[in-house]
Amino acid sequence: MTITIIIAVLLILVAVYAGMFYVRKSTLNLAQSLEDQVQELLGDGLGAQVEELRELNLTGESLENYERIAQRYREVVNGKFPDIQMLIEEVRASLPKYHLIAARQNLKAAQDSFLEAKEVYQGVLDSVNAMQGKMEQHRQKKANLKQRYKDIRKILLTKNFSFGPAMPKLEELFAEINKEFTNYGDLMEQGDYGQADQSLQELENQTASIDKLLEVIPPLYRNLHNVFPEQLKEIKAGYLQLKKDGYNFLSEIDQEVGKLETKVQEEKQFLTDLQVTEAQDTDKTIRESIEDLYKQIETEYAARHKVEKRKSKWGEFIRHAEKQEKQLLLDLDRIGQHYELTHDEVERARDLDTKLHIIRKNYTQALTEIEMETAVYSRLENQQNDDFDALKQIEEEQGKIHADISALVVDEKKAWDGLAGFQGEIHEIKRQTMSKHLPGYPQSYYEKLDYIENLVNALMEEMNHVKIDMSVITTQMLETENEMRTFQKERREMYQAAVMAENLIQYGNRYRDRYPHVKEASQRATELFTRDFEYVQAVDVMAEALEKVEPGLFERIATKYLSKEEATELMKRDKAK
């Protein structure tokens, strides 16, 4: 039992010792690693970079920034790093004595201090790199600006003729750039990169401004010095020559040229003062105005040729329309004595006559202006175009009116022919009424015939008026035509029914004794046929009775006693019932 306890205690002691040994070893390794990291930072060259910045003799804001960076660097290198090294030494001193707790506490303190120191150290490094980057940027921009400065100077020296009145102000602006460039160089030499930033921004703005001016001014000055004067001179000379040749214009072009010459002087002053926006606006106004003047001259020159080419045709067109108008008015007066004009023909013709008077007046005025050499041909060209369009419309309307009144004569002849046809039909109807061997005619037949004869008489009376209204006559013609067609159709049906009724009654005699309903139908149909003259009803009565005895009889008799067309028509009527 005692041996067992001893062995257990020994095992525990071995385990404890092994654990302490492991902790001691790992703590020592961590302390060594932390010391290596400190040494690595100290050997990365940041100190040399900070020293290089100090030797640059910085001033102003740059110096203040450097001092803040150097102070932070010294705090880390001379303060935090030695403190960390001291804690690491205490860790190493505690481990041989197995003061593990104290060692671990010192290690933790050293690690935390290192993290803080490393963050500050990294901030210093970033700041140093930023300062060095800014200085390098300034050196590069200074080199670029110096080259641009040389280029601008070369342009001003070799192409000064391209800038005209703007040259003095450009030289002043270049002098300001030169002054600012010198100031910028001085600030860099002094190491005041904060102030150098402001000077650089101003220098870049000035350079960009003069670059734009060097680009914009030459074409503007070229217009002012060469293009505009030549164009205005050409316009004025052309205008005066055309005036001598009898041309006139909507505006006084020589005065417009004078105004533009004043505008040219205004633009020159804008260039003198380097007011390029105003100069560009004025330049655009001058260019557009010159284009308009050229267009006016070209328009008048071309218009005269067109007007003179069409002058004779212009007059011929007017005379032709006037001749047609005169004839139209005569025809209206003649036609109006016999016909009622119901489509405003007279008012339409008078309106055309008024328009022709206006066109004639304008034409006469145009000829006077041409003869007196006061004509503005572009205006006359427009007048010609308007008159040609109006004359075409007038002649079209004259044609429509003439067609309307000509149709009255044609329509009247058609009406007389139609009236004669109606009278002939009535005569033939009366003759057939007398000649047809029928027992008689129903009263409705004579009433309808009288009604149609009255329509024909009324039509004749209307047509015999001194002044006739063809719209009324046409309406009466259509009504009479419709009534006549309906009556003729009814007459045909009546004659067909009479033939059929007579044959059906005769055919029914063979069934009278055997079929009482046939006997009764025969008696009724005979009364309708001989007394009432209702032949259609007689057919219906007999056909109904006989079809019950002998189906298909009606169709056979119709086919036998009537023409094919009459039989078909009668059967359709019977089926419809």
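I will try to describe carefully the structure that is included in this document.

Rules used throughout
Residues numbered from 1 in each chain as written. Predicted model: local features only at pLDDT ≥ 70, side-chain atom pairs only at ≥ 80, totals over all residues. Heavy atoms only, no water. Helix = DSSP H or I, 4+ residues; strand = E, 2+ residues; numbered from the N terminus. Buried < 20%, exposed > 50% of the residue type's maximum accessible area, 1.4 Å probe, protein only. Areas by Shrake-Rupley, 256 points an atom, 1.4 Å probe, with all protein chains shown as cover. Expected span 1.5 Å × (residues − 1). Bend = angle between axes of the 7 residues up to and from the residue. Salt bridge = Lys/Arg side-chain N within 4 Å of Asp/Glu carboxyl O. Core = buried A, V, L, I, M, F, W, Y, C linked by side-chain atoms within 4.5 Å. Contact = heavy atoms within 4.5 Å. Patch = residues over 30% accessible without salt bridge, like charges linked within 9 Å, V, L, I, M, F, W, Y side chains within 5 Å. Lys, Arg positive; Asp, Glu negative; His and termini not counted. Charge placed at Lys NZ, Arg CZ, Asp CG, Glu CD.

## Section: the overall build of the protein chain
Looking only at helices and strands, the protein chain features 16 helices and zero strands. The 577 residues of the protein chain split such that 37% are buried. Of the accessible surface of the protein chain, which amounts to about 33900 Å², a share of 52% is contributed by carbon and sulfur atoms.

## Observations concerning helix α8 (residues 276-336)
With 61 residues, α8 extends only 78 Å from end C-alpha to end C-alpha; this falls clearly short of the ideal 90 Å at 1.5 Å per step. The sharpest bend along α8 comes to roughly 45 degrees, located at lysine 311.

## Notes on the pattern of salt bridges
Evaluation of the coordinates by the stated rule reveals 22 salt bridges. Residues arginine 348 and aspartate 404 are paired through a salt bridge, measuring 3.6 Å at the closest nitrogen-oxygen approach. Linking arginine 348 in helix α9 (residues 345-372) with aspartate 404 in helix α10 (residues 377-435), this pair joins segments that are 56 residues apart in sequence. By relative accessible area, arginine 348 is classed as partly exposed at 23%. Overall, the relative accessible area of 31% leaves aspartate 404 in the partly exposed class. Glutamate 527 is the salt-bridge partner of arginine 531, the closest N and O atoms lying 3.9 Å from each other. A residue pair is termed a helical-turn pair when its members lie 3 or 4 positions apart in one helix, as arginine 531 and glutamate 527 do in helix α13 (residues 516-532) at four residues. Owing to a relative accessible area of 34%, glutamate 527 belongs among the partly exposed residues under this scheme. Sharing partners across several salt bridges, the network here consists of Arg524, Glu527, Arg531 and Asp532.

## Considerations on the nonpolar core
Core analysis: the largest hydrophobic core is formed by 70 residues, its most contacted members being Ile473, Leu504 and Leu546. With 14 residues, helix α12 (residues 470-508) is the largest single contributor of residues to this core. Aside from chain neighbours lying at most four places away, what touches isoleucine 473 is Ala415, Leu459, Glu462, Met463 and Ile468. One finds Leu170, Ile217, Leu224 and Leu293 within the second-largest nonpolar core, a separate group that totals 35 residues.

## Focus: a negative patch on the surface
A cluster of like negative charges, contributed by Glu171, Glu172, Glu176 and Glu202, occupies part of the molecular surface. The leading source of residues in the negative patch is helix α5 (residues 167-190), at three residues. Looking at the secondary structure, you find glutamate 202 in helix α6 (residues 193-244). Owing to a relative accessible area of 35%, glutamate 202 belongs among the partly exposed residues under this scheme.

Read these as spatial facts, not as claims about activity.
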